[in-house]
Amino acid sequence: MTSPYKINHQGEEFTIGNISGNKIDYNFNQMIRFLETKGKYIYGSKFKIHRKDHHVIFKLLVYIVRDKKNSKKHKIDLNRGVLLSGPVGSGKTTLMNLVRYISIRKYNYDIKSTRIISFEFIKDGHGVITDYSSTKTFCFDDLGLEKNLKRYGNDCNVIGEILLSRYDLFITKRVITHATTNLNAEELESYYGNRVRSRMKEMFNLISFSKDTKDKRL
């Protein structure tokens, strides 16, 4: 016997799946409908989820709801984080924000702009690296958008150092990290170095928008 698994937004209910025993069979179309409704509420009436992006959103939702069957089918490792990549304006940050409203609470995360973290480093120093090297789950938004910054004349690749620290936590305590980026693999390696890039391959599932995805903000 099954029962509906519902999620509520402003009094409107969305049946995003059916519960059978200790399993949930998710309804992708209903999750898309919920995300679009939530998106209009947060970002305005012009917000729209485009059909051509469904394949990206599907993989992201498979990860977010911990769908073991489809994660195996699409080679998504639920023990790793997500690196969502794509061109400027493809909707990476928006999606990472919206899917949190479907995410199981214990797997939720805070989104932090890499630029803001870099500014925090200028103000507060190396303690910022320690702050973001905790067991809390973060999504670092726009890897590579930040600049190498100087504090008292010393260069520091702040996000690179944080990623190295979080890799150690990933290996020892299975701490998860998520991120978004406009950069490809070669650009990430050029920016952060081979050491960070090689560790990112272990830490993340790569989910990518097509290179020809248009800027939705235009």
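Predicted, not measured: the structure shown is a model, and the values here were computed from it.

(A) Broad picture of the packing of helix α8 (residues 185-192) against helix α9 (residues 194-203). The interhelical angle for the contact between α8 and α9, taken along N-to-C directions, is 135°, at an axis separation of 7 Å. Taken as axis vectors, α8 and α9 run oblique relative to one another. Contacts between α8 and α9 involve A185, L188, E189 and Y192 from the former and N194, V196, R197 and M200 from the latter. A class-by-class count of the residues in the contact of α8 with α9 yields five nonpolar, one polar and two charged.

(B) Region of the structure containing the nonpolar core. Formed by 32 residues in total, the largest nonpolar core has its most connected members in L35, L60, L61, L84 and I102. Broken down by element, the residue count for this core peaks at seven residues, all from helix α2 (residues 54-64). For I102, the residues in contact, after removing those within four places along its chain, are I7, I16, M31, F34, L35, L61, I64 and V65. In terms of nonpolar packing, the next biggest core, distinct from the first, is built from 23 residues, L83, I117, F140 and L188 among them.

(C) Structural view of a nonpolar patch on the surface. Taken together, the side chains of Y41, I42, Y43 and Y101 present a nonpolar region at the surface, about 400 Å² in accessible area. Within the secondary structure, I42 is located in helix α1 (residues 28-43). The class of I42 is partly exposed, set by a relative accessible area of 34%.

(D) Highlighting the sheet that holds strand β1 (residues 3-9). Pairing in this open sheet of three strands is antiparallel, and the strands run β1-β2-β3 from one edge to the other. In this open sheet, the two edge strands, each paired with only one partner strand, are β1 and β3 (23-26). Each strand axis lies, on average, 40° off the axis of its neighbour in the sheet, ignoring direction. Here strand β2 (residues 12-20) pairs with β3 via four bridges, running antiparallel. Its bridge partner being in β3, I19 is matched across the sheet by I24. In the packing of α1 onto the sheet, the strands contacted are β1, β2 and β3, and the crossing angle to β2 comes to about 150°.

Reading guide: rules and limits
Residues numbered from 1 in each chain as written. Predicted model: local features only at pLDDT ≥ 70, side-chain atom pairs only at ≥ 80, totals over all residues. Heavy atoms only, no water. Axes fitted to C-alpha atoms, helices over the stretch in contact; angles between N-to-C directions. Helix = DSSP H or I, 4+ residues; strand = E, 2+ residues; numbered from the N terminus. Parallel < 35°, antiparallel > 145°, perpendicular 65-115°, else oblique. Contact = heavy atoms within 4.5 Å. Nonpolar A, V, L, I, M, F, W, Y, C, P; charged D, E, K, R; others polar. Core = buried A, V, L, I, M, F, W, Y, C linked by side-chain atoms within 4.5 Å. Buried < 20%, exposed > 50% of the residue type's maximum accessible area, 1.4 Å probe, protein only. Patch = residues over 30% accessible without salt bridge, like charges linked within 9 Å, V, L, I, M, F, W, Y side chains within 5 Å. Areas by Shrake-Rupley, 256 points an atom, 1.4 Å probe, with all protein chains shown as cover. Salt bridge = Lys/Arg side-chain N within 4 Å of Asp/Glu carboxyl O. Pairing = 2+ DSSP bridges.

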